[in-house]
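The primary structure of each chain is shown beneath.
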Amino acid sequence: MKLLEGKKALIFGIANKNSIAWGIAQTFHEHGAEIGFSYGIPQLERRVRPLAAQIDVEFIEMCDVSSDEEIADLFQKAAGHFGEIDILVHSIGFAPREELAGRYVDTSREGFKIALDISAYSLVALAKAAQPLMPNGGSIVSMTYYGSEKVVPHYNVMGVAKAALEASTRYLAADLGPDNIRVNAISAGPIKTLAAAGVGGFRKMLGYTAERAPLRRNVNQKEVGRTALWLCSDLGSGVTGEVVYVDAGYHILGMPEPPEKWG
Ligand code: NAD
Ligand code: 0WE
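Residues numbered from 1 in each chain as written. Chains lettered and ligands numbered in written order. Predicted model: local features only at pLDDT ≥ 70, side-chain atom pairs only at ≥ 80, totals over all residues. Heavy atoms only, no water.

### Quick word on the site of ligand 1
Part 1: Taken together, 27 residues sit near ligand 1, with Ser19, Asp64, Lys162, Ile191 and Thr193 positioned nearest.
Part 2: In this structure, glycine 13 approaches ligand 1 through a main-chain N or O atom, which is 2.9 Å from an oxygen atom.
Part 3: A distance of 2.8 Å separates an oxygen atom of ligand 1 from a polar backbone atom of isoleucine 191.
Part 4: In the complex, the protein chains occlude 90% of the 810 Å² of accessible area that ligand 1 would expose alone.
Part 5: At the level of elements, strand E5 (138-144) and helix H6 (194-197) are the ones that each hand at least two residues to the shell around ligand 1.
Part 6: Among the residues forming the shell around ligand 1, the class breakdown is 17 nonpolar, eight polar and two charged. (Near = heavy atom within 4 Å. Polar contact = N/O pair within 3.5 Å; in protein donor to acceptor, adjacent residues only side chain to side chain. Areas by Shrake-Rupley, 256 points an atom, 1.4 Å probe, with all protein chains shown as cover. Helix = DSSP H or I, 4+ residues; strand = E, 2+ residues; numbered from the N terminus. Nonpolar A, V, L, I, M, F, W, Y, C, P; charged D, E, K, R; others polar.)

### Notes on the nonpolar core
Part 1: Ranked by internal contacts, the top residues of the largest apolar core, which has 79 residues, are Phe28, Phe37 and Phe75.
Part 2: It is helix H4 (residues 109-130) that provides the largest number of residues to this core, a total of nine residues.
Part 3: Those residues in contact with phenylalanine 28 that sit more than four places away from it in its chain are Leu4, Ala9, Ile11, Ala33, Ile35, Ile87, Val89, Gly225, Ala228, Leu229 and Cys232. (Core = buried A, V, L, I, M, F, W, Y, C linked by side-chain atoms within 4.5 Å. Buried < 20%, exposed > 50% of the residue type's maximum accessible area, 1.4 Å probe, protein only. Contact = heavy atoms within 4.5 Å.)

### What about the pattern of salt bridges?
Part 1: Across all of its chains, the model carries seven salt bridges by this definition.
Part 2: Here arginine 103 and aspartate 106 are joined by a salt bridge, their closest N and O atoms 3.3 Å apart.
Part 3: Given the relative accessible area of 56%, arginine 103 is considered exposed.
Part 4: Among the salt bridges present, the one from glutamate 223 reaches arginine 217, with a minimum N-O distance of 2.8 Å. (Salt bridge = Lys/Arg side-chain N within 4 Å of Asp/Glu carboxyl O.)

### A word on the packing of aromatic side chains
Part 1: All chains considered together, the criterion is met by five aromatic pairs.
Part 2: Here the aromatic rings of tyrosine 145 and tyrosine 155 are separated by 4.9 Å at their centres, their planes lie at 75°, and the arrangement is edge-to-face. You can see tyrosine 145 sitting in the loop between E5 and helix H5 (156-176) and its partner tyrosine 155 sitting in the loop between E5 and H5, a full ten residues away along the chain.
Part 3: Taking relative accessible area as the criterion, tyrosine 145 reaches 18% and is therefore assigned buried. (Phe/Tyr/Trp six-rings, centres within 6.5 Å; stacked < 30°, edge-to-face > 60°.)

### Things to note about the site of ligand 2
Part 1: What surrounds ligand 2 is a group of 13 residues, the closest being Ala95, Pro153, Tyr155, Ala195 and Met205.
Part 2: With respect to ligand 2, the backbone of alanine 95 contributes an N or O atom lying 2.8 Å from a nitrogen atom.
Part 3: One nitrogen or oxygen atom from the side chain of tyrosine 155 is found 2.8 Å from an oxygen atom belonging to ligand 2.
Part 4: For ligand 2, whose accessible area on its own is 590 Å², the fraction buried by protein is 88%.
Part 5: Its residues assigned to classes, the shell around ligand 2 comprises eleven nonpolar, one polar and one charged.

### Some thoughts on helix H2 (residues 45-54)
Part 1: Those residues of H2 not exposed but buried are Val48, Leu51 and Ala52. The buried side chains of H2 occupy one side of the element, clustering within an arc of 105° when seen end-on. Pointing more than 90 degrees away from the buried face of H2 are the exposed residues Arg46, Ala53 and Gln54.
Part 2: The elements touched by buried residues of H2 are helix H1 (20-30), strand E2 (34-39) and strand E3 (59-62).
Part 3: Two residues or fewer after H2 comes aspartate 56, characterised by a positive phi angle close to 60°. (Arc of directions from axis to C-beta.)

In C-alpha cells:
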C-alpha cells in the first residue's frame, strides 16, 4: 500500500547520496509523494540535481537557513510551485569544525551562535514559514542525535544544539497542534554521511555502537526513511512532540555490555 499518495513533501538537507535526507526522499517517493528539495550551498547543486531526477523532483532550490530572507524567498517559490504542502523534513545540522574537537568548555560565543542558529533555530523558522502552506494540517520531522541527552565525546556544542532542537519540537508541537500540524524528531544512531565524515574517529564510534546496541549493528538511511514515513503518513496521526529513536536500541542501555560477556 502506498502511504503518501497525493501528499507533497518539502525536504531540506540533501547534500549527496549518503545524506539521511536522501534515504527519506527515496522512501517518500516509493510511497507516492510529490517531492521538492532545498539544499544549503551552491556547490551542492551538481550533486543534488541528478538525485532529484531519479525520483521526479522538479522543485530544487537553494536556501541557506541562516538567512530569514532566503527562507522567505524559498517559501514564496514553494507556494507558487506546490500551492499547499503536507510534509516538511528538516535534516540540517552544522557547527564550525573546530567546535567538534577538544572540550565543550572551550566553545566560542560565535561557534555556539552558529551551531544553535543553523541546527536548532532554523526548525522554528521553517515551521513558521510552512504553516500557511499547511491549511489542512501537516507533519514536520527533524533529525536529532543522542548526544543531546548524554555526553558523547567531541559532539560538544552540537549536543546542546540538538537539545534545543528536541525542546523546540515539543514547543512547536504545542503551538501547531491546534492546526493539525504534527512536529516530531527522529534520533538516529551514527551513520556514515558527509557531516559524519568530517569527524575524527567516526569509524571507531560506528564500531563501538554496533558492538553494544541491542540489535548488534548500526542503522542506515533507509531505516530512518521508513520511520519518517510512518510519522508523516496517516499511520502517525496521533503522534506529536515526540522523539523517536532509530538507533538499534542503543539509547535504552544503562551499562552497555562489552562484546565478550562479563563472567
Ligand atoms: P549531510 O551532510 O548529508 O546533511 C547535512 C545537511 O545540512 C547538508 O545537506 C548541508 O548542506 C545542510 N546544511 C548545513 N548548513 C546549512 C545551512 N546553513 N542552510 C541549509 N542547509 C545547511 O549529513 P547527515 O548525517 O545526513 O545530516 C542530516 C541530519 O541528521 C543533521 O541534522 C544531523 O545532525 C542529523 N543526524 C546525523 C547522524 C549521523 O550519524 N550521520 C545521526 C543522527 C542525526
Ligand atoms: O549531527 C551529527 C553531525 C553534525 C556535524 C558534523 C560536522 C562535521 C564537519 C555538524 N557540523 C559539522 N561541521 C563540520 O565542519 N552527527 C550526529 C554525526 C556525529 O558527529 C559527531 C559525532 C556524531 C555521531 C561529532 C563528534 C562526535 C560524534
